[in-house]
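# Analysis of the macromolecular model
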Amino acid sequence: MTTTSSWAGLVAQLAADGVLTTEWEPVFKALPRTEFLPPLIWQHDVETGNVEAVDRAQDPQLWHAAAESAHPLVTQWDDGQHQGTEQGRVASSSASAPSVVAAMLRDLDVRPGQRVLEIGTGTAWNAGLLASRLGAEDVTTVEVDQSLAEAARAALERQGLGGAKVVCADGFQGYPAGAPYDRIVATCGVHAFPRTWLEQCRPGGVIVVPWGTRFTHTEATVALTVTKDGRASGKFTGLVQFMSLRAQRRQQPEYADYVTTESREKAERGTTELTLDETIAGDWDLSRFVLGLLVPDCAVIADKPQDGRRPVWLCSLTDRSWACVLFREDGRRESTLYQYGDRRLWDEVEAVHAWWREQGRPGLGRLGLTVDSGGQHVWVDDAQHVARLHEPA
């Protein structure tokens, strides 16, 4: 199989950046992403958020340029119900950015002779990479969507990797028939870690998963090592955005359900010195991810600027408590805020932000996650320094 110069250049750059390890570099070169993509794809620019359809039949040159690019690509909308080239409502399958795929395979630290379970087959490129390096018979991949599973089988067979097992099932349940596994990797985001994955991984095995909260769309990859007593623990490695496991899709709160005439009248007015940039400026902001770890069962809705203010809403997911901060856009620190309900959500944010500063603003290299029978525990520096018990697993 030959590769184009643009794909070879991208692979070389990933290797130079240290994302792609020496063990994986020849596998990436020999098995480009182009071999697994459907004829119609949508380019997604992470920085601008723009999405554009590219049809191989209409413009093969542009299609190959997109396929061999460093960007993630949407390959399905609305669980396959979407028709045409326009952007759908909810992206339901994608081809991840090659850098993210390389980083997660690096974190997985898989070795020949080990058996791997993948949750979320998608295009099957990731499964193909694993099968190429380990041998197809050691790879099982689970896909909830029947049409995607069928396309994945066909793509793997075209590459001579048909020995990899493609299972159409709910990935939340893993695949107990093939357990135990030495490695499990999820290519979908979760906020409540499935116990089934932990039970199906050998002691000493590694589970790599994009894990996050309902506070934001952004997760962080975490590499968890499974212990003999049924626990798994490890540090976060990088901020990512994945489509959620279908059983755990993030539901955006409805404004009208929270902000009623009565709640507006009863809301308490106050001020805050924290700025938007210090707290929840954007999906890729580390402080926003940290707040999500420690302000549980809460979602953020950012409104458009109005009269020199940027309204940002916090909505509790366990009751109808809410907070709204009218962040100033004139450079002055003090902003007006309103809070309603049994939870004082912005007070929780300020407490967490103060704790984070006291800890030296720990980043992903210092933050970790432990999953056990008691739930999901976020910690700083080591698993003994638990910051908070998150949602039960």
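Residues numbered from 1 in each chain as written. Predicted model: local features only at pLDDT ≥ 70, side-chain atom pairs only at ≥ 80, totals over all residues. Heavy atoms only, no water.

Turning to the confidence of the model for the protein chain, a few remarks are in order. Taken over all residues, the pLDDT of the protein chain has a mean of 93, while the share at 70 or more is 97%. Under a pLDDT of 50 for its full length, residues 389–393 has, in the predicted model, 23 contacts with residues more than four places off or in other chains. (pLDDT = per-residue confidence, 0-100. Contact = heavy atoms within 4.5 Å.)

This brings us to the side chain of Thr 221. Of note, Thr 221 is situated in strand β10 (residues 219–226). Residue class for Thr 221 comes out buried when judged on its relative accessible area of 4%. Looking at Thr 221, its side chain comes within polar contact range of the side chain of Thr 237, at 2.6 Å. Sequence-distant contacts of Thr 221, that is, excluding residues within four places in its chain, are made with Met 104, Asp 107, Val 209, Pro 210, Lys 235, Phe 236, Thr 237, Gly 238 and Val 240. (Helix = DSSP H or I, 4+ residues; strand = E, 2+ residues; numbered from the N terminus. Buried < 20%, exposed > 50% of the residue type's maximum accessible area, 1.4 Å probe, protein only. Polar contact = N/O pair within 3.5 Å; in protein donor to acceptor, adjacent residues only side chain to side chain.)

Among the surface-exposed residues, Glu 273, Glu 334, Asp 347 and Glu 350 lie close enough to one another that they form a single negatively charged patch. Position of Glu 350 relative to the elements: it lies in helix α11 (residues 345–358). According to the relative accessible area criterion, Glu 350 is partly exposed, its value standing at 30%. (Patch = residues over 30% accessible without salt bridge, like charges linked within 9 Å, V, L, I, M, F, W, Y side chains within 5 Å. Areas by Shrake-Rupley, 256 points an atom, 1.4 Å probe, with all protein chains shown as cover. Salt bridge = Lys/Arg side-chain N within 4 Å of Asp/Glu carboxyl O. Lys, Arg positive; Asp, Glu negative; His and termini not counted. Charge placed at Lys NZ, Arg CZ, Asp CG, Glu CD.)

Taking 1.5 Å per residue, 14 residues should reach 20 Å; α11 reaches 20 Å between its end C-alpha atoms and fits that length. By the burial criterion, the buried members of α11 are Leu 345, Trp 346, Val 349, Val 352, His 353 and Trp 356. All buried residues of α11 lie within an arc of 120° about the axis, which places them on one face of the element. (Expected span 1.5 Å × (residues − 1). Arc of directions from axis to C-beta.)

This next bit is on the state of the cysteines. Applying the stated criterion across every chain yields a total of zero disulfides. Cys 188 provides the cysteine sulfur closest to Cys 168, a residue in no disulfide bond, and the two sulfurs are 14 Å apart. Residue Cys 168 is classed as partly exposed on the basis of its relative accessible area, which comes to 28%. (Disulfide = S-S within 2.5 Å.)

Taken as a whole and assessed by the stated rule, the structure comprises ten aromatic pairs. Geometrically, the ring pair formed by Trp 42 and Trp 77 is edge-to-face, given 6.0 Å between the ring centres and 85° between the ring planes. In this pair, Trp 42 sits in strand β1 (residues 40–44) while Trp 77 sits in strand β3 (residues 73–77), placing the two residues 35 residues apart along the sequence. You can call Trp 77 buried: its relative accessible area is 5%. When the centroid spacing of 5.6 Å and the interplanar angle of 80° are considered together, the rings of Phe 193 and Trp 197 count as edge-to-face. Classification of Phe 193 by relative accessible area gives buried; the value is 1%. The buried category is assigned to Trp 197, whose relative accessible area is 0%. Counting every residue linked through ring pairs, the aromatic cluster contains Tyr 255, Trp 313, Trp 322 and Tyr 340. A cation sits over an aromatic face here: Arg 56 above Trp 63, 4.6 Å from the ring centre. When the ring centre of Trp 24 is taken as reference, the NZ or CZ atom of Arg 133 above it lies at 5.0 Å. (Phe/Tyr/Trp six-rings, centres within 6.5 Å; stacked < 30°, edge-to-face > 60°. Lys NZ or Arg CZ within 6 Å of the ring centre and 35° of its normal.)

Below, the discussion takes up the sheet that holds β1. Taken in spatial order, the four strands make up an open sheet running β2-β1-β3-β4, and their pairing is antiparallel. Across the chains shown, the open sheet's two edge strands, defined by having one partner strand only, are β2 (51–55) and β4 (91–95). Strand-to-strand twist of the sheet, defined as the mean angle between neighbouring strand axes without regard to direction, takes the value 40°. Here β3 runs beside β4; their pairing, made up of four bridges, is antiparallel. Of the residues in β4, the one forming a bridge with Trp 77 is Ala 91. Contacting β1, β2 and β3, helix α3 (residues 60–67) crosses the sheet at an angle of about 55° to β1. (Pairing = 2+ DSSP bridges. Axes fitted to C-alpha atoms, helices over the stretch in contact; angles between N-to-C directions.)

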